[in-house]
Protein chains: 2
Amino acid sequence: MKKITSRAENYSEWYLDIIDAADLAENSVTKGSMVIKPYGYSIWENFQKVLDKKIKDTGHKNAYFPLFIPKSLLTKEAKHVAGFAKETAIVTHHRLMEKDGEIVVDPDSRLSEELIVRPTSETIIYDSFSKWIHSWRDLPLLINQWANVVRWELRTRPFLRTTEFLWQEGHTAHATEEEAETEALKMLKEYQDFVENYLAIPVIAGRKTESEKFAGALHTYSIESMMQDGKALQTGTSHNLGQNFAQAFDVKFADKDGKEKFVWQTSWGVSTRMVGALIMTHSDDQGLIVPPAIAPVKIVIVPVYKTPEEADTVLKAAQALCVELKSIDENTHLDDRDYETPGSKFNEWEKKGIPIRIEIGPKDIANNSVVVVRRDTKEKNSIAISEVVENVKGLLVQMQKDLFAKALALRNEHTYQIDDYEEFKKHFETAAIPGFVYSHWCGDAVCEQQISDDLQVTTRCIPLDQKEESGKCIKCGKDSKKRIIFAKAY
Amino acid sequence: MKKITSRAENYSEWYLDIIDAADLAENSVTKGSMVIKPYGYSIWENFQKVLDKKIKDTGHKNAYFPLFIPKSLLTKEAKHVAGFAKETAIVTHHRLMEKDGEIVVDPDSRLSEELIVRPTSETIIYDSFSKWIHSWRDLPLLINQWANVVRWELRTRPFLRTTEFLWQEGHTAHATEEEAETEALKMLKEYQDFVENYLAIPVIAGRKTESEKFAGALHTYSIESMMQDGKALQTGTSHNLGQNFAQAFDVKFADKDGKEKFVWQTSWGVSTRMVGALIMTHSDDQGLIVPPAIAPVKIVIVPVYKTPEEADTVLKAAQALCVELKSIDENTHLDDRDYETPGSKFNEWEKKGIPIRIEIGPKDIANNSVVVVRRDTKEKNSIAISEVVENVKGLLVQMQKDLFAKALALRNEHTYQIDDYEEFKKHFETAAIPGFVYSHWCGDAVCEQQISDDLQVTTRCIPLDQKEESGKCIKCGKDSKKRIIFAKAY
């Protein structure tokens, strides 16, 4: 197995090495797509479990809509299609044939209308909504879909940006503008709670600028987090769609006052991209670190022995301990493979980021104790067998807290307020860890574009949680009332 | 709402009407694809929950592989591509553009190699297996994927046959032929257990003929069930792939004896088609009937009142009852909508096939009782409040048993042994409910094809659970040792 490149040496390489070392995913023969390997997928399944419950607990119901969207449907909302036109996979034929010993596309199987592989499902879902919604009694309509989507990307990176990715997309319709706005913010809050309390990644919730909003939305909210290299990663978005799609897809309802009105809509989504955020927030040069609250395996027990007699005693004790620890976590794993050395096992589980490793050998058994190793701090303690359950329980809680605190400390350390463009420029040109820069901005897309052209720095979001203050746009000097976060971003 | 066509009048129309009446799915603007509506999807989610546990409990791990398969990869196993070539969706371009005010496919975005939307994932998964497997230590490799797949079908029917459908596909690799065979049969058994004990649908497990086996398999096992119209529906398949794919994809391992060998493989899958089987096995002319073991809502409570004073008392009692019944089923539902009449609620829940309906009104409260209605038998009893939990618990168990017994009785009633071709012919030409005909067959594909041409009757499977007996092929009279099931099929 290849050595993990250190973060200091090459952060991008480190990221890819972690994915490889932890056995999360691999590049596929299908360019731009990845294979999510069993361990990587088990992390995603845990994300799904928590998110699905949150989505259902807030009254949404899952459904499933077609993968293929007829071209005429995708093009109904003009801004929407403009936003996605350049990154679509297009199905044009439906049959292969043999010709001169080769398998080729049968030219006679050309479709009368091309089908677009969904880049997102507003269009196909709202076509159904227009049939489902008749009266105010049908509102709010709260739907969610777990699905794969495809956006044709030229430069891909596992989890962060792949041609095909997995996600959930919520789609709702409401009777009033206020309800839609409340919904968009409510789901943003659910995402924030999930990312902060399960993934242990602190986020800033805010509003996207006009240039950065979703194609077809009235406005877009996002949660933004800071990776260890000081770059921003958008981990979730929630859109207030206003009535744009309702008008394009004729989604109307008879209101209590008897009048026919267009609905107000939202959509919101998070994807396998969050796995990338997880990797880049917590991992170290030895491998992945998975926060206990989301770890598919929280505890791994590694028996250590040399002779067959030792093996017998040690394995028995390890099995008994495993049963006991399953009271904390059903997925406690006893690594009893007899063809791997303890050392290579320690290494493997360290790379996979299992929160707690327990080593048990003849000496430990003689002392009625085991060795407990915490993945993040590498702290190693001998713990009496009788206390191990309580100890591990405490460590898991502590580790979850500490990972969040560490990520928050990093973010605080690399958060700046800058009010002068020269200083701003110098910061982004020279800082090793550029982080989040809070600056005033006039709201004009021209300033935003110039900054992006100058420094490859983008606006992330206008944080929701801030007081108004008077200031001057960092670029043009015009009046501004709020700060926006600028950052280099994934 | 449209009246449900009766089964006697038109079985095909009845099937579509049930889907509509129960709000399970609808046709989509994407030809051949369906929208799975929230209630239909919640049934599928319950299938997934049970199956996913079974798959994991038998040692398999979930993973995710790309939706798109490069044409060159799909064509590596000759029989496999031949089997799927005529029903593939093919991605040829990756960009839309505006031209003369129209959105068209950008001809410059043609892919250098066409991508096939997976009809099944053997090829793309075994490409990974060839990288994952090195030594006997890596075996068995037990993988499962939940995914959408696409097979271009000209004649589609919701759930039974749609261009895109949802399924799970298991893929395993083993060191020996015996292990692969054991695995294929083990997973068939798991499917049988699921379909019989959760969906309450009796099945016959058997082996497919050479003509009916999966494209690229050594042999295919299936479970077959009989619908109310006496037609067969294949509800799951499990394939022993032998070494066909291992050779095509170079999936080799170093065995304990130091020699390099090809692995032995299996694949197996069940899909949203099972929802179709569920509908057609149990439902009646009033609507869907869902077996309690798989019902998203097992119990619905409908309050009945006229005056506001009554409403107050009745709703309070209904709420208290709902809390109590949640001890049996978390998804007990209190239908407290104030804009629908009790009658239309009864009708709606009947159409949706909720196992138990409880009616509670002022008279019931005065008598300290409620009315309990069982969906399948429509049996209606007044039950003392103090006994309702025990009563409902018993009814749910009984209804599950009764649904299976009823389906089994129907199958037994329409199962025949026929040894003479004239009789066989007459049976399939005249029987209103043709059912399963057990006949001898010589094993020759020619006879099989002639029967299919003559009567539109296909071989379903050679039941595993039968004794050898000598007989003569129903078509050609050659010797045969086992009977095979002939049926009209979906």
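Positions within a chain are numbered from 1, following the residues in the order the chain's sequence is written. To read the labels, note that chains go from A and ligands from 1, taken in the order they are written. Where local features are concerned, this predicted model is filtered to residues with pLDDT of at least 70; where side-chain atom pairs are given and counted, the filter is 80 or more; whole-chain, interface and lining totals use all residues. Neither water nor hydrogens contribute to the side-chain values; these are computed over all heavy atoms in the structure.

Enquirer: Can you break down the relation of the copies chain A and chain B residue by residue, with the values?
Expert: Put simply, the second copy of the chain is the first one after a rotation about an axis and a shift along it. All copies are superposed by least squares; the fitting set is the C-alpha atoms of residues with a pLDDT of at least 70 in both. Superposition record for chain A on chain B: RMSD 0.0 Å, screw rotation 180°, translation along axis 0.0 Å. Here the transformation between the copies is reduced to the relation of a two-fold axis. Ranked by how close their C-alpha atoms come to the rotation axis, the residues of chain A are headed by A:Val91, at 2.1 Å. Whether two residues are in contact is decided by their heavy atoms, any of which lying within 4.5 Å being enough. Mapped onto chain B, 100% of the interface residues of chain A are again interface residues, and the two copies thus contact each other with one and the same surface.

Enquirer: For the pattern of salt bridges, give the residues involved together with the corresponding values.
Expert: Residues and elements named next belong to chain B. Put simply, a salt bridge is a Lys or Arg side-chain nitrogen that is within 4 Å of an Asp or Glu carboxyl oxygen. Applying the stated criterion across every chain yields a total of 76 salt bridges over all chains. Across the salt bridge formed by Glu-359 and Lys-380, the nearest N and O atoms sit 4.0 Å from each other. Note that Glu-359 is positioned in strand β19 (residues 356–360) and Lys-380 in strand β21 (residues 380–384), a separation of 21 residues in sequence. Here's how the labels work: a residue is buried when its accessible area is under 20% of the maximum for its type, exposed when over 50%, partly exposed in between, all with a 1.4 Å probe on protein chains only. Among the residues examined, Glu-359 registers a relative accessible area of 8% and is labelled buried. Judged by its relative accessible area of 52%, Lys-380 falls in the exposed class. What counts as a helix is a DSSP run of H or I of at least four residues, what counts as a strand is a run of E of at least two, and both are numbered from the N terminus.

Enquirer: Residues and numbers for the packing of aromatic side chains, please.
Expert: Stacked, tilted and edge-to-face are the three classes assigned to paired rings of Phe, Tyr and Trp, where Trp is represented by its six-membered ring and a pair needs centres within 6.5 Å; plane angles under 30 degrees give stacked, over 60 edge-to-face, the rest tilted. Under the defined criterion, the tally for this structure stands at 34 aromatic pairs over all chains. Considering the side-chain rings of A:Trp44 and A:Trp146, the 6.0 Å spacing of their centres and the 75° angle between planes classify their relative orientation as edge-to-face. With A:Trp44 in helix α2 (residues 38–57) and A:Trp146 in strand β9 (residues 141–150), this residue pair connects regions lying 102 residues apart in the sequence. By relative accessible area, A:Trp44 is classed as buried at 1%. Seen from their ring centres, B:Phe424 and B:Phe486 are 5.1 Å apart, and the 85° between their planes marks the pair as edge-to-face. One end of the pair, B:Phe424, is in helix α13 (residues 421–430); the other, B:Phe486, is in strand β28 (residues 483–487), with 62 residues separating them in the sequence. Considered together, B:Phe424 and B:Phe486 belong to a single accessibility category, that of buried residues. Grouped by ring-pair contacts, the aromatic residues A:Phe65, A:Tyr126, A:Phe129, A:Trp132, A:Phe245 and A:Phe249 constitute a single cluster. Taking the ring centre of A:Phe346 as reference, the NZ or CZ of A:Arg357 above it sits at 4.3 Å. By the criterion adopted, a ring carries a charge over it if an Arg CZ or a Lys NZ lies within 6 Å of its centre and within 35 degrees of its normal.

Enquirer: I'd like to hear about the interface of chain A and chain B, residue by residue, with values.
Expert: If you look at the interface, chain A gives 64 residues, while chain B gives 64 residues. Put simply, buried area is how much 1.4 Å-probe accessible surface two parts lose in total, over both of them, once they are put together. Summed over both sides, the interface between chain A and chain B buries roughly 5,300 Å², with carbon and sulfur atoms accounting for 66% of that surface. For the chain A face of the interface with chain B, the top three residues by lost area are A:Tyr64, A:Ile90 and A:Leu96, together amounting to 13%. Here chain A is connected to chain B by 4 salt bridges. Counting of polar contacts relies on pairs of N or O atoms within 3.5 Å, with two restrictions inside protein: one atom must be capable of donating a hydrogen and the other of accepting it, and residues adjacent in sequence are counted only when both atoms are side-chain atoms. One can count 30 residue pairs in polar contact (both at pLDDT 80 or more) joining chain A with chain B. Along the lines of polarity and charge, the residues of the side of chain A that touches chain B split into 36 nonpolar, 12 polar and 16 charged. Note: strand β5 (residues 90–93) of chain A against strand β5 (residues 90–93) of chain B, 3 bridges, orientation antiparallel. Counterpart to A:His93 in the pairing with β5(B) is B:Ile90. Throughout, the ten residues Ala, Val, Leu, Ile, Met, Phe, Trp, Tyr, Cys and Pro are labelled nonpolar, Asp, Glu, Lys and Arg are labelled charged, and all others, Gly among them, are labelled polar. Two strands pair if DSSP finds at least two bridges between them.

Enquirer: Can you lay out unusual backbone geometry for me, pointing to particular residues and giving the numbers?
Expert: All names here are of chain A. Pro-140 follows Leu-139 through a cis peptide bond whose omega is -10°. Note on placement: Pro-140 falls in the loop between α5 (122–132) and β9. With a phi close to 60°, Ala-200 is a non-glycine residue in the positive phi region. Secondary-structure assignment places Ala-200 in the loop between α6 (177–197) and β11 (204–207). Backbone geometry places Lys-378, a non-glycine residue, at a positive phi of 65°. If you trace the backbone, Lys-378 turns up in the loop between β20 (369–374) and β21 (380–384).

Enquirer: A description of the domain arrangement of chain A should follow, citing residues and the corresponding values.
Expert: These domain boundaries are the output of an automatic or database domain assignment. Here chain A is partitioned into domain 1 (11–282), domain 2 (297–397) and domain 3 (415–487). Using C-alpha coordinates to define each centre, domain 1 of chain A is positioned 41 Å away from domain 2 of chain A.

Enquirer: Lay out the pairing of strand β20 (residues 369–374) of chain B in plain terms, naming residues and giving numbers.
Expert: Residue and element names in this part refer to chain B. Taken across its 6 residues, β20 has 6 buried, putting it largely inside the fold. Burial along β20 is two-sided: the residues Ser-369, Val-371 and Val-373 and Val-370, Val-372 and Arg-374 are all buried. Bridging between β19 and β20 involves 4 bridges; their strand directions are antiparallel. Looking at the pairing, Ile-356 lines up with Arg-374 of β20. With 5 bridges joining them, β20 and β21 adopt antiparallel strand pairing. Bridge assignment links Val-372 to a residue of β21, and that residue is Asn-381.

Enquirer: Describe the sheet that holds strand β18 (residues 333–334) of chain B, listing the residues and the values that go with them.
Expert: Residues and elements named next belong to chain B. Strand order in the open sheet formed by 5 strands is β18-β17-β19-β20-β21, with mixed pairing between adjacent strands. Edge positions in the open sheet fall to β18 and β21, since each of these has one partner strand only. Together, β17 (299–303), β18, β19 and β20 form the strand contacts of helix α9 (residues 308–325), whose direction differs from that of β17 by roughly 170°. Taken strand by strand, helix α10 (residues 342–352) contacts β17, β18 and β19, and its axis lies near 170° from that of β17. Every axis corresponds to a line fitted to the C-alpha atoms, with the helix fit spanning only the stretch in contact, and the corresponding angles, defined between N-to-C directions, vary from 0 to 180 degrees.

Enquirer: Account for the packing of helix α1 (residues 11–21) of chain B against helix α8 (residues 273–282) of chain B, with residues named and values stated.
Expert: All names here are of chain B. Two elements in contact, α1 and α8, have axes separated by 11 Å at closest approach and are oriented at 115°. Here α1 lies roughly perpendicular to α8, going by the angle between them. Considering how the two elements wind past one another, α1 and α8 form a crossing that is right-handed. Packed against α1, whose contacting residues are Tyr-11, Trp-14, Tyr-15, Ile-18 and Ile-19, the element α8 presents Gly-276, Ile-279 and Met-280 at the interface. Any angle from 65 to 115 degrees is called roughly perpendicular, while one under 35 is roughly parallel, one over 145 is roughly antiparallel, and all others are oblique. Left-handed describes a crossing whose near helix is turned anticlockwise from the far helix through less than a right angle; right-handed describes the clockwise counterpart.

Enquirer: Give me the lowdown on the layout of surface pockets, citing residues and values where you can.
Expert: Residue and element names in this part refer to chain A. Detection works on a 1 Å grid of protein atoms alone, calling trapped sets that fit a 1.4 Å probe cavities and calling open sets with protein on both sides within 12 Å along at least five of seven lines pockets, with lining residues defined by an atom within 4 Å of a point. Grid points are joined across faces, edges and corners, and a volume is the space filled by probe spheres set on the points. Taken as a whole, the second largest pocket encloses approximately 1,400 Å³ of empty space. Around the second largest pocket, the lining is made up of 47 residues, and of these Arg-151, Arg-161, Glu-212, Gln-234 and Arg-273 lie nearest the centre. Considering only residue class, the lining of the second largest pocket consists of 13 nonpolar, 20 polar and 14 charged. Residue contributions to the lining of the second largest pocket reach at least three from each of two domains, namely domain 1 (11–282) and domain 3 (415–487).

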